[in-house]
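These are the residues of each chain, in order.
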Amino acid sequence: MLMTDRALGAQSENRLVSLANAGLLRDGRWLVRGVDFSIRRGEVVTLIGPNGAGKSTTAKLAIGVLRPNEGAVERMQGLRIGYVPQKLAIDWTMPLSVRRLMRLTGPLSDAELAGALAATGIPHLVDAEVRHLSGGEFQRALLARAIARKPDLMVLDEPVQGVDFAGESALYELIREIRNSTGCGILMISHDLHMVMAGTDTVICLNGHVCCRGTPEVVSQSADYLKLFGGHSRSLAVYSHHHDHTHLPDGRVLHGDGSITDHCHPDDGHHHHEVHDHPHDHTHDHHQHGHAGHDHAHHAPAADRGNDRA
Amino acid sequence: MPGMTTPIMHPPQTGGTIVLDDFFTRALVAGIGVALTAGPLGCFVVWRRMAYFGDTMAHSALLGVALSLFFQINLLVTVFGVAVAVSLLLLMLQRRQSLSADALLGILSHSALAIGLVLVAFMTWVRIDLIAFLFGDILAVTPGDIGLIWGGGVLVLAALVFLWRPLIASTVSEDVAEAEGMKPARARLFFMLLMALVIAIAMKIVGIMLITSLLIIPAATARRFSSSPEVMAVLASLIGALAVIGGLFGSLHYDTPSGPSIVVAALLLFILSLFPALGKNTAEKAGNQGVR
């Protein structure tokens, strides 16, 4: 009996946070519903999904900033969280140096402070005023702050937004290293799977609910993922022409030969021949395309959510 | 009238006494006490963009005055109570999101003031010096008031030191503060209570209409010379104290009302701080200039 308790205790201790059927209702609408997942020590879980899919909401549920209206969220007792929010607006009237920002929610030795800033590539900005930082520099400062806390769980809501392309992969590499060296769990939010693929253990594809989950390889091949991210882009055809036909989120049908029936988007349909000719080029193209212009993919999921709520 | 609190009736001000009388020293000590307390609190009001919120709480103080007269309860208690009640009401209404916070503040602010005035007018048996409540009567402070101001001030400042990290953290980001265990809701509640306390204490010094200015102007003046929130809080206190000293001597010299004179002095310091010649952002320079 005692042994079982201990075993259970050890198991649940391993689990930093777990959501069970969690949902959040705001103004009569479910922002997310039926979300199930947990994060263990050393695990990197990435939430992907279009704008308005409830990624940030889900992260906030996980860390207790929001409380679920349905289901349950359990966190390990004394869980230490390091949080990089998606948005952070500091009133310019508050004088805040990077050094002071680093000590926002807890004391920190000078060495730890300098180390974290060096790791994110901005050791020279330690005395800079936060409001004078560029978007990318501010993002690095926020990441450094979260790292320096030595958290059990890091929650990173689009941690590399505004960071230059070279810096992006370096920061993802850093996040990976931190997971490996400290064994902390990481919950990450990203727009596109491509960038976070290598460092992620589990990908959860959200669109108001969990559409699909699994390793990055599995999710990137799944029809649900393609529906959300390939709805209007060329790579959809690249992947899905292997299928007999696919139901698109807005009710249209994509056939195996690449033709779409009842479509209304003028950009659709004229890539199909190219796709068959140069599938690899277009796979590659999609990554850049998706990165620069997320908006393309959003029309369809929005319609999908509308249906869910109706 | 038994049980009546001291500020309600006092001998009329004798204008033009250019002697450093006892009452003047008391006014200085009291005013400096209020300014030191208001400085750090005022910084939060500025950082959190709560100027109108502070104004609303202050205006509700007149309702507190009326209730104090009506129920013959201590003035401090009713003013504090009404300020807390109004701020809680505001939070509740904001949560419903039926109107913008701005409009709600406007409604509550002026309604509280108007209801206070109407209630006072109904009580025909009481004669009160409305002007003293609206614009302050620092020259009438008693030694008991000074004890209250400094005692309350120490209490407020101690609470602020204790709550400093959660308050700063939640000012920067409520979400980060919540996620990282800073309990921002608790910090916000305590902040509101401290505001109400300072308003209750400061009402007698600068009056209901001018309390917010003593919170905001010194903080805004301190901004340019501050390199960190902590420096800004201390500087705001010192600049506020300077404004009190300048305003009181000015009011003595020019025979002007004391509360408004303090505010004018604070404004002059603020305008002075805008001049570029006064140096940039360094805390050291600011220290010199603030204390002078």
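Attention in this report is confined to the structure presented alongside it. Source: prediction; values computed, not measured.

Here we look at the overall build of chain B
- Within chain B, the regular secondary structure consists of 13 helices and 0 strands.
- Shown N-terminal to C-terminal, the secondary structure of chain B runs as helices and strands in the order α-α-α-α-α-α-α-α-α-α-α-α-α.
- Within chain B, the proportion of its 292 residues that are buried is 53%.
- Long-range contacts, defined here as pairs at least 24 residues apart, represent 79% of the contacts in chain B between residues at least 6 apart.
- Roughly 12800 Å² of accessible area belongs to chain B as shown, and the carbon and sulfur atoms make up 72% of that amount.

Notes on the pattern of salt bridges
- Scanning all chains against the criterion turns up 17 salt bridges over all chains.
- One salt bridge connects B:R223 with A:E129, and the closest N-O pair in it is separated by 3.6 Å. Pair noted here: B:R223 is in helix α10 (residues 211–223) and A:E129 is in the loop between α4 (110–119) and α5 (135–148), and the two residues belong to different chains. Side by side, B:R223 and A:E129 carry an identical accessibility label, which is buried.
- When the shortest N-O distance is used, the salt bridge between B:R188 and B:E174 registers 2.7 Å.

Description of helix α12 (residues 258–273) of chain B
Residue and element names in this part refer to chain B.
- Taking 1.5 Å of rise per residue, the 16 residues of α12 would be expected to cover 22 Å, and the 23 Å separating its terminal C-alpha atoms lies within 8% of that figure.
- Of all the residues in α12, the buried ones are S258, G259, S261, I262, V263, A265, A266, L269 and S273.
- Close packing links the buried residues of α12 with α6 (130–135), α9 (184–206), α10 and α11 (229–254).

Focus on the pairing of strand β2 (residues 29–40) of chain A
Residue and element names in this part refer to chain A.
- Note that strand β1 (residues 15–26) and β2 share 8 bridges and pair antiparallel. By the bridge assignment, A22 is partnered in β2 with V35.
- Adjacent in sequence and paired antiparallel, β1 and β2 are bridged by 2 residues, among which D27 carries a positive phi angle near 50 degrees.

As for the packing of helix α4 (residues 75–96) of chain B against helix α5 (residues 101–122) of chain B
Residues and elements named next belong to chain B.
- At a minimum axis distance of 10 Å, the contact between α4 and α5 shows a crossing angle of 145 degrees. Where α4 crosses over α5, the two elements pack in a sense that is right-handed. Facing α4, whose interface residues are V86, L89, L90, L93 and Q94, α5 presents A101, L104, L105 and L108.

Remarks on the interface of chain B and chain A
- On the side of chain A, 30 residues touch chain B, which itself brings 24 residues to the contact.
- Surface buried jointly by chain B and chain A totals about 2200 Å² across both partners, of which 56% is contributed by carbon and sulfur atoms.
- Taken as a group, B:V172, B:E180 and B:R223 account for 31% of the area that chain B buries against chain A, more than any other trio of residues on that side.
- The interface formed by chain B and chain A contains 6 salt bridges.
- Here A:D91 makes a salt bridge to B:R49, at a shortest N to O gap of 2.3 Å.
- Taken together, chain B and chain A are joined by 12 residue pairs in polar contact (both at pLDDT 80 or more).

Overview of the sheet that holds strand β4 (residues 70–75) of chain A
All names here are of chain A.
- Across the sheet, 3 strands lie side by side as β2-β1-β4; this open sheet has antiparallel pairing. With one partner strand each, in any of the chains shown, β2 and β4 form the two edges of the open sheet. The mean angle between the axes of side-by-side strands here comes to 15 degrees, regardless of whether they run parallel or antiparallel.
- Across 5 bridges, the pairing between β1 and β4 is antiparallel. Bridge pairing in β4 links S18 to E74.

A few points about the packing of aromatic side chains
Residue and element names in this part refer to chain B.
- The full count for this structure, using the stated rule, is 5 aromatic pairs over all chains.
- Measuring from ring centre to ring centre gives 5.1 Å for F24 and F249, while their planes differ by 70 degrees; the resulting arrangement is edge-to-face. Separated by 225 residues along the polypeptide, F24 in helix α1 (residues 22–47) and F249 in helix α11 bring together distant segments of the chain.
- Note on F24: relative accessible area 0%, which makes it buried.
- Aromatic side chains F44 and W164 sit 5.2 Å apart centroid to centroid with 70 degrees between the ring planes, which places their arrangement in the edge-to-face category. With F44 in helix α1 and W164 in helix α7 (residues 143–172), this residue pair connects regions lying 120 residues apart in the sequence.
- Its relative accessible area of 0% is what places F44 among the buried residues.
- Judged by relative accessible area, which is 14%, W164 ranks as buried.
- A network of ring pairs unites the aromatic residues F44, W47, W164 and F191 as a single cluster.
- Geometry around F191 places R48 over its ring, the cationic atom sitting 5.8 Å from the centre.

Thresholds, definitions, all that
Residues numbered from 1 in each chain as written. Chains lettered and ligands numbered in written order. Predicted model: local features only at pLDDT ≥ 70, side-chain atom pairs only at ≥ 80, totals over all residues. Heavy atoms only, no water. Helix = DSSP H or I, 4+ residues; strand = E, 2+ residues; numbered from the N terminus. Buried < 20%, exposed > 50% of the residue type's maximum accessible area, 1.4 Å probe, protein only. Contact = heavy atoms within 4.5 Å. Areas by Shrake-Rupley, 256 points an atom, 1.4 Å probe, with all protein chains shown as cover. Salt bridge = Lys/Arg side-chain N within 4 Å of Asp/Glu carboxyl O. Expected span 1.5 Å × (residues − 1). Pairing = 2+ DSSP bridges. Axes fitted to C-alpha atoms, helices over the stretch in contact; angles between N-to-C directions. Left-handed = near helix turned anticlockwise from the far one by under 90°. Buried area = accessible area lost by both parts, 1.4 Å probe. Polar contact = N/O pair within 3.5 Å; in protein donor to acceptor, adjacent residues only side chain to side chain. Phe/Tyr/Trp six-rings, centres within 6.5 Å; stacked < 30°, edge-to-face > 60°. Lys NZ or Arg CZ within 6 Å of the ring centre and 35° of its normal.

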